[in-house]
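A structural walkthrough
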Amino acid sequence: MTEERGRVNQYGMMTNDFREVIGRDDILAKASELASLISTSEEVRHFQQAEEKIQDHTRVQGLISQIKKKQKEIVAFESLGNKTMVEKIEAEISDLQDEIDSIPLVAEFQQSQSEINELLQLVVSVIRDTVSEKINVEAGTDAPPSKCGE
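Computed from a predicted structure; not experimentally measured. (Residues numbered from 1 in each chain as written. Predicted model: local features only at pLDDT ≥ 70, side-chain atom pairs only at ≥ 80, totals over all residues. Heavy atoms only, no water.)

**Observations regarding the overall build of the protein chain**
Here is the rule we go by: Secondary structure elements follow DSSP: runs of H or I of four or more residues count as helices, runs of E of two or more count as strands, with numbering from the N terminus. Remark: exposure states derive from per-residue accessible area (1.4 Å probe, protein chains only) relative to the maximum for the residue type, with buried under 20%, exposed over 50%, and partly exposed in between. Note on contacts: a residue pair is in contact if any heavy atoms of the two residues lie within 4.5 Å.
When helices and strands are counted, the protein chain shows 5 helices and 2 strands. Each helix and strand of the protein chain, placed in order from N terminus to C terminus, yields the pattern β-β-α-α-α-α-α. Across the 150 residues of the protein chain, 19% fall into the buried class. Across the protein chain, the fraction of contacts at a sequence separation of at least 24, relative to all contacts at a separation of at least 6, is 57%.

So, in structure tokens, the structure goes:
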């Protein structure tokens, strides 16, 4: 096995300089480990709590059911070509959605979704930046040979 040398990157994470090829299975294992870490984060815990409250909230669930029913009605009226009824039902759905959005618990749930998305985007950015940094460094030192005889 090749010797490992570690350093701290710009994100404060320990990185290793490996002089061996890492296989797809190794990368997937690390991705799974990262997914486990994310799933135990404060953001995910908060989201799960908010989701549970939403599931138990009778008014929210009733409004969601009404919206689903009206969406089916829209499909039926669209197939009949009745644009007037489609527009009327779309307005009713919009009103129901406004009512859902006005419930503080729903705002809390949406905020927790946003926090998880931000965390995931940050993780993706760190991976992208770190890989990009490594590729650029290696590309500069491992340039292809120039053509001879030109």
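**Some words on a nonpolar patch on the surface**
Stated formally: Each patch is built from salt-bridge-free residues with over 30% relative accessible area, joining like charges within 9 Å and nonpolar side chains (Val, Leu, Ile, Met, Phe, Trp, Tyr) within 5 Å. The protein chains shown are the only cover counted for residues, whose accessible areas, like all others here, come from Shrake-Rupley with a 1.4 Å probe. Here, a salt bridge means any side-chain nitrogen of Lys or Arg that lies within 4 Å of a carboxyl oxygen of Asp or Glu.
A surface patch of nonpolar side chains, about 440 Å² in accessible area, is lined by Leu34, Leu37, Ile127, Val131 and Ile135. If you list the elements that add at least two residues to the nonpolar patch, you get α1 (24–39) and α5 (104–141). Here the nonpolar patch gets 3 residues from one element, more than from any other, and that element is α5. Inspection of the secondary structure assignment puts Ile127 in helix α5. With a relative accessible area of 45%, Ile127 lands in the partly exposed category.

**Some remarks on the packing of helix α3 (residues 58–80) against helix α4 (residues 83–101)**
This is how the line gets drawn: Between N-to-C directions, angles span 0 to 180 degrees; the directions come from axes that are lines fitted to C-alpha atoms, helices contributing only their stretch in contact. An angle below 35 degrees is read as roughly parallel, one above 145 as roughly antiparallel, one from 65 to 115 as roughly perpendicular, and any other as oblique. Should the near helix be turned counterclockwise from the far one by less than a right angle, the crossing is left-handed, whereas a clockwise turn marks it as right-handed.
Close contact between α3 and α4 brings their axes to 9 Å; oriented N to C, the two are set at 165°. One way to sum up the angle between α3 and α4 is to call them roughly antiparallel. Considering how the two elements wind past one another, α3 and α4 form a crossing that is left-handed. Residues Arg59, Leu63, Ile64, Gln66, Ile67, Lys70, Gln71, Glu73, Ile74, Phe77 and Glu78 of α3 touch α4, and the partners they reach there are Met85, Val86, Ile89, Glu90, Glu92, Ile93, Leu96, Gln97, Glu99 and Ile100.

**Focus: the pattern of salt bridges**
Tallied over the full model, the rule gives 7 salt bridges. Put simply, Lys70 and Glu92 hold a salt bridge, and the shortest N to O gap is 2.8 Å. Here Glu92 lies in helix α4 and Lys70 lies in helix α3, a separation of 22 residues in the sequence. A salt bridge links Lys88 to Glu92; its shortest N-O distance comes to 2.7 Å. Separated by 4 residues within a single helix, Lys88 and Glu92 lie in helix α4, roughly one turn from each other. Using a relative accessible area of 46% as the deciding quantity, one classes Lys88 as partly exposed.

**With respect to the nonpolar core**
How we decide: Think of a nonpolar core as a cluster: buried Ala, Val, Leu, Ile, Met, Phe, Trp, Tyr and Cys residues, connected wherever their side-chain atoms sit within 4.5 Å.
Core analysis: the largest hydrophobic core is formed by 21 residues, its most contacted members being Ile54, Ile103 and Val106. At the level of elements, α2 (42–56), α3, α4 and α5 are the ones that each hand at least two residues to this core. Ranked by the residues each element gives to this core, the list is headed by α5, at 6 residues. The contacts of Val106, once residues within four sequence positions are left out, are Ile54, Val60, Ile100 and Asp101.

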